Amino acid sequence: MSFLHKKGVRPSVKVYLIDALSSMALGLFASLIIGIIIKTIGDQAAIKFLSEMGTTAIGLYGPAIGVAVAYGLKAPPLVMFSALISGAAGASLGGPAGSYIAAVISVEVGKLVSKETKIDIIVTPLVTIFIGFSVATLVGPGIDYVMKGLGSVIMWGTEQRPILMGVVVAVLMGLALTAPISSVAIALILDLHGVAAGAATIGCAAQMVGFAVSSYRENKTGGILAIGLGTSMLQVPNIVRNPLILIPPTVAGALLAPVGTTVWIMENNASGAGMGTSGLVGQIMTFTTMGFSVSTLIKVAMLHFIGPAIISLLLSEYMRKKGWIKLGDMKIHTGGEVHEKA
């Protein structure tokens, strides 16, 4: 055990399902997600250069995952650079899930052999790449099949029971977005799309817009931007202190998701399903999926912004009057004070 600690290998749920998965999300954003955005702009504006740029970025999501996971696991340089190959192999054979698993295992094994021999420059990349490619070959396709199968069940369930499953998907994905878990990675690993992805987007948007609006008196405009366009994860320390503050945005997502699965049908793709309103990626992907129209714009405005804002504000104000939420309970800190001076 002391050897593992010395090599920086500390197996735990936090390390693999929070740290590594969150880093994976960054890798996905820097390749697949931003690539789709660039390609969409290029296609819509008929700019071939941007379309080709976006296509290139999309095609390199596997290597990006490999390097991102290695960074998240604090791998030494040779392991990190070799993980690029592990991620690429995992992506080609097992999709995002295969890429993640191949990267995690190869990086951890690579860290164990790193700087243990006099020919480290050969041994470390050789072992890291060998393990990564072996894992990708042996378990990648199976993992990808299971994850996509689970995603298919979720999407089928949402279509069969749009009200119930819409609520379940919205609430769970919304909570994943606010928690230190990557909702983006989950959506991509499960390959969520269609109505299920639309419900997930509503749930995630409700968390971000809901927290941004209901915490306005504490955080002012800076908080609106940091939470509403950044991440509702900023509220995690406050949620630990008072879990009741989760109720308004969660209820908003639960109430609005069925509207998006039965009345105003909302769809999305896997890249936007877990993004909420972060950088407006969820909305960009919604337009990419449903088409750019006035009808879609109205649906997005009502279900992603106006609806969550109104429901969360009304409910949070009611809870404040009851004393369940007190002034300061939703005050955020981002290394500096996120507020405006009166």
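Everything numeric here is computed off the predicted structure, so don't read it as measured data.

**What to know about the side chain of serine 114**
Here's step 1: Position of serine 114 relative to the elements: it lies in the loop between helix H5 (77-113) and helix H6 (120-138).
Here's step 2: In this structure, serine 114 is in contact with Lys7, Pro76, Val79, Asp120 and Thr124, ignoring residues within four places of it in sequence.

**Let's talk about the pattern of salt bridges**
Here's step 1: Applying the stated criterion to the full structure yields eight salt bridges.
Here's step 2: In this structure, lysine 14 engages aspartate 19 in a salt bridge whose closest nitrogen and oxygen atoms are separated by 3.0 Å.
Here's step 3: Looking at aspartate 19, the relative accessible area reads 25%, which means it is partly exposed.
Here's step 4: In this structure, lysine 111 and glutamate 108 form a salt bridge, with 3.0 Å as the shortest nitrogen-oxygen distance. Taken as a pair, lysine 111 and glutamate 108 lie in helix H5 at a separation of three residues, close to a single helical turn. Considered together, lysine 111 and glutamate 108 belong to a single accessibility category, that of buried residues.
Here's step 5: Where salt bridges share partners, they join Arg217, Glu218, Glu317 and Arg320 into one cluster.

**Quick word on the packing of aromatic side chains**
Here's step 1: Enumeration over the complete set of coordinates arrives at two aromatic pairs.
Here's step 2: Taken together, a centroid distance of 6.0 Å and an interplanar angle of 75° make the contact between tyrosine 318 and tryptophan 324 edge-to-face.
Here's step 3: Judged by relative accessible area, which is 43%, tryptophan 324 ranks as partly exposed.

**Structural notes on helix H15 (residues 281-290)**
Here's step 1: Of the residues making up H15, those classed as buried are Val281, Gly282, Gln283, Met285, Thr286 and Phe287.
Here's step 2: Phi for glycine 291, located one or two positions after H15, is positive at around 95°.

**Quick word on the environment of isoleucine 224**
Here's step 1: Counting through the fold element by element, isoleucine 224 comes out in helix H11 (residues 216-228).
Here's step 2: Separated by 70 residues in the primary sequence, isoleucine 224 and valine 294 have C-alpha atoms spaced 26 Å apart.
Here's step 3: Residues contacting isoleucine 224, with those up to four places away along its chain left out, are Ala212, Val213, Tyr216 and Leu229.

**With respect to the confidence of the model for the protein chain**
Here's step 1: Mean pLDDT over the protein chain works out to 88, with 96% of the residues at or above the 70 mark.
Here's step 2: Note on residues 335-342: pLDDT is under 50 here. Beyond four places in sequence and across chains, it has 14 contacts.

**A short note on a nonpolar patch on the surface**
Here's step 1: Taken together, the side chains of Val263, Trp264, Val294, Ile298, Met302, Ile306, Ile310 and Leu314 make up a nonpolar region of the molecular surface, amounting to roughly 740 Å² of accessible area.
Here's step 2: Considering the arrangement of structural elements, one finds valine 294 in helix H16 (residues 294-321).

**Structural notes on the nonpolar core**
Here's step 1: Core analysis: the largest hydrophobic core is formed by 33 residues, its most contacted members being Met24, Leu28, Ile33, Val69, Leu73, Tyr100 and Val107.
Here's step 2: Looking at this core, the elements that each hand over two or more residues are helix H2 (13-45), helix H4 (61-72), H5, helix H9 (183-190) and H15.
Here's step 3: Of the residues forming this core, the biggest block, 10 residues, is contributed by H2.
Here's step 4: The contacts of leucine 28, once residues within four sequence positions are left out, are Ile33, Tyr61, Ile65, Ala185 and Leu188.

The rules behind each value
Residues numbered from 1 in each chain as written. Predicted model: local features only at pLDDT ≥ 70, side-chain atom pairs only at ≥ 80, totals over all residues. Heavy atoms only, no water. Helix = DSSP H or I, 4+ residues; strand = E, 2+ residues; numbered from the N terminus. Contact = heavy atoms within 4.5 Å. Salt bridge = Lys/Arg side-chain N within 4 Å of Asp/Glu carboxyl O. Buried < 20%, exposed > 50% of the residue type's maximum accessible area, 1.4 Å probe, protein only. Phe/Tyr/Trp six-rings, centres within 6.5 Å; stacked < 30°, edge-to-face > 60°. pLDDT = per-residue confidence, 0-100. Patch = residues over 30% accessible without salt bridge, like charges linked within 9 Å, V, L, I, M, F, W, Y side chains within 5 Å. Areas by Shrake-Rupley, 256 points an atom, 1.4 Å probe, with all protein chains shown as cover. Core = buried A, V, L, I, M, F, W, Y, C linked by side-chain atoms within 4.5 Å.

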